[in-house]
Every structure is written in structure tokens, then in C-alpha cells.
Amino acid sequence: MYSYDPNTAWWPSSWWNSAVAVTTMMDYLQRTGSTSQRWIVDRTFEVNKGVFPAGVKSSDPIEGNFASRAIDDTEWWGIAWIQAYDLTHDAKYLSMAQTIGQYVQGYWDTTCGGGVWWNRERTYKNAITNGLYVRLAAALHNRLLADTTWLGRAIAGWNWFSASGMINASGLVNDGIDSGCHNNGGTVWTYNQGLAMGAALELWRATGDPTQLAAARRLADAAITSSSLSPNGILTESCDPANTCDDNQKQFKGIFMRYLLDLLTATGDSGYRGYAQRQADAIWQHDRDPLNRIGQRWAGATPNAGLADAGERARWSARRLNPISPTQRSSLMRSWKIAAVGTRGGGPGHRRRTRPVLRHRPGGHRRPGQQLVRLRAVRDAGRQQPAGRGRRHGRDRSKSVPIGLYSGFRRLHAIVGRHLADLVGHRGWRADQQPFGAKVGMFRSPSAVTAAPNWARTVAARRLPRPRTSRCSKYSLHAIDFDLEEPEYENDAAVNNELGAAQILQRNNSGLYVSVTMPGTTSGAGYFGTLLLDKSKTLGFTPDNFSIMPFDGGFNGATDQINALESFHGLLESHLGWSSATAYAHEGASLMNGRSDTGEFFRQADFQSVLNYATSHGLARFTFWAVNRDRQCSPPDNNGQTSGVCSSVTQNSWDFTKYSATFAGATPPTSGPSSSPTAPPPPTSAPPGGGCSAAAWSATTTYNGGAVVSYGSHQWTAKWWSYGDIPGGPAGVWADNGAC
């Protein structure tokens, strides 16, 4: 994302290059479950759908709805908005893709028997324009109910393309046809090969015709065995050896790889996977500079356009690179399309600064009862984002506090450093010696909902045993949820630290319920989720459950959520080697009630449907964010905004909490309170009196172990870290030194 301009909302190069770049980014978001750059999708759409004179976005005028005199440039944007619809389920993107498709359809005629013209002047029919046409038409059919029009166009387009002669006897795609309607013998570009492959594949998804899938495989096989396209097994553009590729041609190989990976997903062919791994290995070993920027020639060469300036290239030539690790290779395989278009810093080698983060966030005074601790690593990603991004709707994403089964209603943040080591029983682990600091969130009954009904507040006590060792019992812990979200979810070291800490706690605290929660995607858990499962298996760590959060990822109600949970069940089976019953017994759902951060809606009926699924399949956990949102806003839709204190949907208070209570075995009442309860504020200082010399205790001060305060005419010493714990109170944090 290094070269994305958030003000003009594009990658300054050319019009179609930006379409490919945003499509690549969305493909990454969808495959991995990441949400860090989703704001770019809407920003790019809204800013660029207008009219621009020649020289602003392209050498040609842009005439609105992404239309240009270059028909293929327009088609690339249609492909982009198909991807945006798949990612977000927002109908405006699908509508725009249809508008673009209709515009392109106007340039189909019967010259040479059919096909779409490359430009408005109708001077050339070529492979890229028609490969894009078939892919776009088939994709529209696959997303529009009861469509026959786009299917007919896709079939006609493929029949013409495959018979046009542009696919030569070697199975390679030449650039176009000449005025006599014959193969013009033009350059075999990798992106022409890729789009022909992608067109046949998407049409096969529409028709189920095996000949179309076979055609896609022939095109792929021809490319990866070609001495010109894949010399020594490495994808190579014809302009690579002489280092003469222009800004368009530098992007071509990434496009080929996108559609090869699409074919790999459809077929599972190990040959395609092996070829992809060879490209990733070659790029990492031979085609990156000391700043981890990716160059144009994947097999490596000096100089290599796009790597660095001359001085950096000289240093690069003398530097011996470390071998690629399996994790780096896997990450690169999923990210090369970003690197290939020149978006420096967006690939797996993007340099990020890491530091321990020591931060305190007041959360009200502690109250007795069950407490849920969440350990989360924190890193500074070293990147700038427009104001408001990265903290959704103004709230720290780490505040997405799951409750439900664990009866935790609010958390108090604490940064622990050595105190985390004390909690897990490993004093040698210091936060300042690790790549990431650790942030601990403690969930408890909040002052904002003190009057929450007993049937909700006592659920956990009836379902979870009490831990037996002193380090957890000092916090009265019944359960601990390791909630891995961005950015630590995408970092192998952070995941290793958190799972390792969870494993230690589980081993040392018999009866402690340990869960691991991760972002959900429509396909279950995304790429990083599968890496997390693999890491757990490598460590020999089996928590009581793995939960996903099926929201903020293109979900549209309970059906999508249940499909995601069922897909996640399959991942648990395949990655952990579990039986179906074992996978269900270790699976959980962490939902969001009402309006989500991204404008998705989950109403009472959705919760009921997911609850029915959870109970019928024996899931281990059913929870949601959050009880303090489980009330109606004023007005009920909150003026179309997501809130942290109400749901933005029509409801009675506690409607959503009842589903968690039901799952846990409690019987909720038939109706909830009519208004949100409030609680008295905690004390902020020691009561008057006494002649103590130590500073007075304050509810707004953080104390480390050994701190001495005065309170109630007594002097007290902190046994461990404390915030808001009243001396002499039920938490037992303070040792009474006697009257003073």
C-alpha cells in the first residue's frame, strides 16, 4: 500500500493499473480475513466513479462509471467491483459491474464472427479484451439470480475466443487477430494467458461443462511448461531479459499468478501448487532488495528495475540473503500480486517496527465475580492511515469483548510486562525482551450494567469449574479467552507467544477454561486462521475451544454465519486431524449483536438461528459483543451509525443476552428491563481521617506490586499490579500494614 494515494484514491500509474491493484488488495483481504485496508475499497469506488478530463487519471478522459475509450481498461474495473461485491456483499458494487458490462457489450459485433473491440475506434480485437469480457460476463451470471442474459454472452464470448485462432497450436495465447481475422503472431504476454485461463474457469463455474475446465488446465499447463514463459521453471515476461518492460508489462505476471491460484483452488492440483512455490522461492531469494521491495524479474538479474536506486542495487548485489522460511514463502505466495504491481511495502517483507506497548485504559472499579482475562500482543505497524481508520467507528477494535457464556461484561485493561510472566509461571519471559509487549484485558461486571439480571450474571458459575492454582485464583479466574486480532493475528511470533502462554496456563491451572478466538471469514477462518491452527498442532496445544467471529467480513445474516461455522468445522478437521464430533465439541461462535462496524445487521432471529445450529451440533461456546450494547438506541437505528452502548436495531433490553444464557443452560425471563441500569460511581480517593504518611489511595492511579498507600487510616502495600482495587476489598490486592 506504499504508493496508494488516499486523497486521489488510486495508485498513480495508469487507470487500469489501479483497478488491478485494488482487486489484488481485495483478494488478499478475502483470502486472509484481514480488514486493515478495507476502507480503501469504498474510498476508491466513491472517488473514481466520476468524470475526469484527459491527463488526470489517464491519457484518455474518464467518462463516468469507470468508462474509458480503452475497453479493456474499463473491463478491469468491472472485475474489481465483482471482487468488491464478493468481499462486502454491498449491492452497489455488483450494480456497477453490470453497468460496466453493458458498456462493454456495446463493443461486441460480428466482425470476424464476433468478439469485443479493444478500443472505441474499433481498430483491433485482441486476447485481453475478450478474456476479460468472458470472465466478467460469467462472473455476473454467477452472482445474479435467475440470469440467462450474461450466461449467454459468456458462452458466446468463449466459443468465439477459443475458435478465433488466438490460442496457438502450443496452447499459448498470442496478442490478437489481424485485419484478416487470423492470429497475428503477436507477443505471448503472461496476462493474456492468465485471463484466458481465468475466463474458461469462471465459465466452467457457471455451466459445469468439463471441457471448459479442461481448457483452463491446458492453458495453465502450456504456460508452466513453456521454455519462453517459464524458462528454468520461473515465470518470465518477454521483456524481462532486456529489462525493457514498461509500467503495464511489469504487472502482467502477477495477473497470471492470480488466475493460476484460482485454478489451484478449483482443482487442488499439486503441480500448480509446486509451480507457485517455485515462484515464491525465486522472488524471495533473487528478486528483493534490502528493504524487502520486490522487483520485476523474478529469476533475478542486476540491475533489476523496480528494486532500488543504483546505490542500493550495488549493496543489494553484494548482500547474501537468508533462505526463505516456509512461513515467508506461504505469505509471499498469497501476496505477490501486490508486490508485482509495484505497491512497495505491501508484501510480506514490509518493514514494521515492533515495540512493547505499555498502556493503561481505565475501566471502572473492580467488582466481585467471574473474570475473563484476554492476552493480546500489540505492535506498532509503522504505517500511516487516514484519520479514524484502524479504530472502527472511533473505538479500539480490541474492545470487542465477548461475553455470553463467561458472564464478563466489561474489561479493565492492564499492561503487565513481568506480571504476565508471573501469571503464566514463567518469570524468565520479560516483555522488554520480546518482539511484542502484552496487553491483558480483564472482563468483569461493569458499573454501567450493575443491575444486569442474575440469570445472565451467574451463567458461567453454573458451567465452568474454578481454577485451583494461586496465580489464577488471585483473579478468581474461571475462563481465559485469547482473542487474536489484527495486527498480531498476522504475525507468526505474536501468535506463537500467545498460544505458548495459553498452553502454560492450561497446563498449570486444572479446570481453567481456555479458548482461542480469531476473526471469521465467509470461508471459515481465512489464511492466517489456518496458520494459527497449524501452530497449535505443532505446539501440541488443544484449547477447550477455537472460536471465530463471523461478522465484519461480508456476512449477511445467520445463513452466512452458519456457513462460515460449518466451513470452520471443516478446517478444524483437516488441520488438526479431528473427527467431526471432536471438531464440533471444540468449536465456538463469537457474534456481534445489532449493527456491526461495517454496517452488517444481526438481529434476534439471526441469533436464534445460530443458537439452534450451535446447540444441535454440540458447539462448545456461544457468545457475543456485547452486553453493554444489548439495548435499543434512540432513535432505534441510531441514525444509521454503529454504537458501543446500544445495538442500532429495534429490540428490548437483554434480547441478545438471553440467547447466550439459554446456550449456557439458564432460563432467561420473558422480558427485560425497560431502561438501561446505572451504577453508583466508585470511590476516587481514600476516606478522610488518620495521620498516615503514605500517599492516599486513588481509584484512578495504577499501582505496581510493592506500592504503599494509605486508606481508611491504615497503611497498605500492593501485592501485585492493581488499578481500581479498594484496599481491604474483595480482590485481596492490598496487604494491611496496620493503623497509622
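For clarity, every value in this text was computed on a predicted model and none was experimentally measured.

1. Structural notes on the overall build of the protein
Line of reasoning, step 1. Regarding its fold elements, the protein presents 22 helices and 17 strands.
Line of reasoning, step 2. When burial is assessed residue by residue, the protein has 57% of its 740 residues classed as buried.
Line of reasoning, step 3. Here the analysis covers contacts within the protein between residues at least 6 apart in sequence; of these, 68% occur between residues at least 24 apart.
Line of reasoning, step 4. Accessible surface computed for the protein: about 28000 Å², of which carbon and sulfur atoms make up 49%.

2. Thoughts on the pairing of strand β8 (residues 545-549)
Line of reasoning, step 1. Here β8 lies mainly inside the structure; five of its five residues are buried.
Line of reasoning, step 2. Where burial is concerned, the two faces of β8 agree: the one with Asn-545, Ser-547 and Met-549 and the one with Phe-546 and Ile-548 are both buried.
Line of reasoning, step 3. Viewed along the sheet, the connection from strand β7 (residues 513-519) through helix α18 (residues 526-539) into β8 turns out right-handed.

3. Re helix α5 (residues 127-141)
Line of reasoning, step 1. The end-to-end C-alpha distance of α5, which contains 15 residues, comes to 21 Å, matching closely the 21 Å that a straight helix rising 1.5 Å per residue would cover.
Line of reasoning, step 2. The element α5 is largely enclosed, with a buried count of 15 among its 15 residues.

4. Regarding the state of the cysteines
Line of reasoning, step 1. All chains considered together, the criterion is met by four disulfides.
Line of reasoning, step 2. Paired through a disulfide, Cys-633 and Cys-646 show a sulfur-sulfur distance of 2.0 Å. Disulfide Cys-633-Cys-646: the torsion about the S-S bond is 100 degrees, which places it as right-handed. Taken together, the positions of Cys-633 in the loop between β12 (621-625) and α22 (657-663) and Cys-646 in the loop between β12 and α22 put the pair 13 residues apart, joining distant regions of the chain. Just as Cys-633 is buried, Cys-646 falls in that class too.
Line of reasoning, step 3. The connectivity of the disulfide bonds within the protein can be written as 1-2, 3-4, 5-6, 7-8, using the sequence rank of each bonded cysteine.

5. Describing the nonpolar core
Line of reasoning, step 1. Core analysis: the biggest nonpolar cluster contains 152 residues, and Trp-76, Trp-81 and Phe-546 have the highest contact counts within it.
Line of reasoning, step 2. Contact partners of Trp-81, with chain neighbours within four places excluded, come to Val-41, Thr-44, Phe-45, Phe-66, Tyr-93, Leu-94, Met-96, Ala-97 and Ile-100.
Line of reasoning, step 3. Counting ten residues, the second largest nonpolar core, distinct from the first, contains Ala-699, Val-709, Trp-716 and Trp-734.

6. A word on the confidence of the model for the protein
Line of reasoning, step 1. Per-residue confidence for the protein averages 76 on the pLDDT scale, and 73% of its residues sit at or above 70.
Line of reasoning, step 2. The low-confidence segment residues 304-470 (pLDDT under 50) makes 454 contacts with residues lying over four places distant or belonging to another chain.
Line of reasoning, step 3. A low-confidence stretch, residues 672-689 stays under pLDDT 50, and its non-local contacts, those more than four residues away or across chains, total 34 contacts.

7. Examining the pattern of salt bridges
Line of reasoning, step 1. The tally for this structure, following the rule as stated, stands at 20 salt bridges.
Line of reasoning, step 2. The salt bridge involving Arg-143 is made with Asp-86; its shortest N-O contact spans 2.8 Å. Here Asp-86 lies in helix α3 (residues 71-88) and Arg-143 lies in the loop between α5 and α6 (149-163), a separation of 57 residues in the sequence.
Line of reasoning, step 3. On the basis of relative accessible area, Arg-143 is assigned to the partly exposed category, the value being 22%.

8. Some words on the packing of α18 against helix α19 (residues 558-576)
Line of reasoning, step 1. Between α18 and α19, the shortest axis-to-axis distance is 10 Å and the interhelical angle comes to 40 degrees. The pairing of α18 with α19 is recorded here as oblique in orientation. Our pair here, α18 against α19, has a crossing hand that is right-handed. In this structure, α18 uses Thr-530, Leu-533, Asp-534 and Lys-537 to contact α19, whose residues at the interface are Phe-568, Leu-571, Leu-572, His-575 and Leu-576.
Line of reasoning, step 2. Of the residues in the contact of α18 with α19, the class split is five nonpolar, two polar and two charged.

9. Here we look at the side chain of Asp-269
Line of reasoning, step 1. Within the secondary structure layout, Asp-269 lies in the loop between α9 (252-267) and α10 (270-286).
Line of reasoning, step 2. A distance of 2.6 Å separates the side chain of Asp-269 from the backbone nitrogen of Gly-271, its partner in a polar contact.
Line of reasoning, step 3. Ignoring anything within four residues of it in the chain, the contact list for Asp-269 reads Arg-217 and Leu-264.

10. Digging into the packing of α6 against helix α7 (residues 190-207)
Line of reasoning, step 1. Contact geometry for α6 and α7: axes closest at 11 Å, N-to-C directions at 140 degrees. By the criterion of interaxial angle, the relationship of α6 to α7 is oblique. Along this stretch, α6 crosses α7, giving a crossing that reads as left-handed. Contacts from Leu-151, Ala-154, Ile-155, Trp-158 and Phe-161 in α6 reach Ala-196, Ala-200, Leu-203, Ala-206 and Thr-207 in α7.
Line of reasoning, step 2. Here the residues of the contact of α6 with α7 are counted per class, giving nine nonpolar, one polar and no charged.

11. Looking at α18
Line of reasoning, step 1. With 14 residues, α18 ought to run about 20 Å at 1.5 Å a step, and its terminal C-alpha atoms sit 20 Å apart, in line with that.
Line of reasoning, step 2. Taken from the residues just after α18, Gly-540 is the one with a positive phi, measuring 70 degrees.

12. Considering unusual backbone geometry
Line of reasoning, step 1. Trp-625 connects to Ala-626 through a cis peptide bond whose omega is 0 degrees.
Line of reasoning, step 2. Secondary-structure assignment places Ala-626 in the loop between β12 and α22.
Line of reasoning, step 3. Even without glycine at this site, Asn-243 takes up a positive phi of about 60 degrees.
Line of reasoning, step 4. Structurally, Asn-243 is set in the loop between α8 (210-224) and α9.
Line of reasoning, step 5. Despite not being glycine, Ser-648 has its phi angle at roughly 70 degrees, a positive value.
Line of reasoning, step 6. Examined against the element boundaries, Ser-648 turns out to sit in the loop between β12 and α22.
Line of reasoning, step 7. On the basis of relative accessibility, which here comes to 4%, the residue Ser-648 falls in the buried class.

13. So, the sheet that holds strand β15 (residues 714-718)
Line of reasoning, step 1. With antiparallel pairing, the three strands of this open sheet are ordered in space as β14-β15-β17. Looking at the sheet topology across the chains shown, the edges are occupied by β14 (708-711) and β17 (734-739). Adjacent strand axes in the sheet meet at a mean angle of 30 degrees, parallel and antiparallel pairs treated alike.

14. Things to note about the environment of Ile-155
Line of reasoning, step 1. In this structure, Ile-155 sits in helix α6.
Line of reasoning, step 2. For the pair formed by Ile-155 and Thr-207, sequence separation is 52 residues and the distance between their alpha carbons is 8.9 Å.
Line of reasoning, step 3. Sequence-distant contacts of Ile-155, that is, excluding residues within four places in its chain, are made with Leu-203 and Thr-207.

15. A few points about the side chain of Asp-481
Line of reasoning, step 1. As for its position among the elements, Asp-481 is in strand β6 (residues 477-483).
Line of reasoning, step 2. At 2.8 Å, the side chain of Asp-481 forms a polar contact with the side chain of Ser-515.

What counts and what doesn't
Residues numbered from 1 in each chain as written. Predicted model: local features only at pLDDT ≥ 70, side-chain atom pairs only at ≥ 80, totals over all residues. Heavy atoms only, no water. Helix = DSSP H or I, 4+ residues; strand = E, 2+ residues; numbered from the N terminus. Buried < 20%, exposed > 50% of the residue type's maximum accessible area, 1.4 Å probe, protein only. Contact = heavy atoms within 4.5 Å. Areas by Shrake-Rupley, 256 points an atom, 1.4 Å probe, with all protein chains shown as cover. Right-handed = clockwise from strand over helix to strand, strands pointing away. Expected span 1.5 Å × (residues − 1). Disulfide = S-S within 2.5 Å. Core = buried A, V, L, I, M, F, W, Y, C linked by side-chain atoms within 4.5 Å. pLDDT = per-residue confidence, 0-100. Salt bridge = Lys/Arg side-chain N within 4 Å of Asp/Glu carboxyl O. Axes fitted to C-alpha atoms, helices over the stretch in contact; angles between N-to-C directions. Parallel < 35°, antiparallel > 145°, perpendicular 65-115°, else oblique. Left-handed = near helix turned anticlockwise from the far one by under 90°. Nonpolar A, V, L, I, M, F, W, Y, C, P; charged D, E, K, R; others polar. Polar contact = N/O pair within 3.5 Å; in protein donor to acceptor, adjacent residues only side chain to side chain. Pairing = 2+ DSSP bridges.

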